[in-house]
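As a plain string of letters, each chain reads:
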Amino acid sequence: MSLDQDIKLDSEAFNTAAADMAALKTRAEALKEKLQKMYTDITTALDTPAGHEIEITAEDVLIQPIDDLILVIDQMSRTLDEIISTQYYQSVFDKYDELVESINF
């Protein structure tokens, strides 16, 4: 059995992922604010029972899932930050580099 692809372990990938998660959280929060404003504008314009129903539906159907998504993204981001700050995987990367060097003599 031969290996057709190289395995690459890279601590920089954690830094990139952490930065991407932070940016994704910012975008999700901006989306939430934009949707909240949009639905506030709609329900203000439609000051009727139907307009109030739109507001209730928007909260349950659109805003709550975004809140949940932000919580997940935040947890992933904090986990990545903790991994980076504690150098938890650094020994794995170092041993992998040693292995690759010994194979590529």
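Just so you know, these numbers come straight off a predicted model, no measurement behind them. (Residues numbered from 1 in each chain as written. Predicted model: local features only at pLDDT ≥ 70, side-chain atom pairs only at ≥ 80, totals over all residues. Heavy atoms only, no water.)

Draft legend 1. Fine view of the overall build of the protein chain. Looking only at helices and strands, one finds 3 helices and 0 strands in the protein chain. Seen in sequence order, the protein chain has helices and strands lined up from the N terminus as α-α-α. Looking at the protein chain as a whole, 17% of its 105 residues qualify as buried. Within the structure as shown, the protein chain displays about 8200 Å² of accessible surface, and the carbon and sulfur contribution to it stands at 59%. (Helix = DSSP H or I, 4+ residues; strand = E, 2+ residues; numbered from the N terminus. Buried < 20%, exposed > 50% of the residue type's maximum accessible area, 1.4 Å probe, protein only. Areas by Shrake-Rupley, 256 points an atom, 1.4 Å probe, with all protein chains shown as cover.)

Draft legend 2. Geometry of a nonpolar patch on the surface. On the surface, Tyr-88, Tyr-89 and Val-92 cluster together into a nonpolar patch covering about 300 Å² of accessible area. Along the chain, Tyr-89 falls in the loop between helix H2 (49-86) and helix H3 (90-103). (Patch = residues over 30% accessible without salt bridge, like charges linked within 9 Å, V, L, I, M, F, W, Y side chains within 5 Å. Salt bridge = Lys/Arg side-chain N within 4 Å of Asp/Glu carboxyl O.)

Draft legend 3. Representation of the environment of Thr-16 within the structure. Along the chain, Thr-16 falls in helix H1 (residues 11-45). Of the residues examined, Thr-16 reaches a relative accessible area of 41% and is grouped as partly exposed. Separated by 64 residues in the primary sequence, Thr-16 and Leu-80 have C-alpha atoms spaced 9.9 Å apart.

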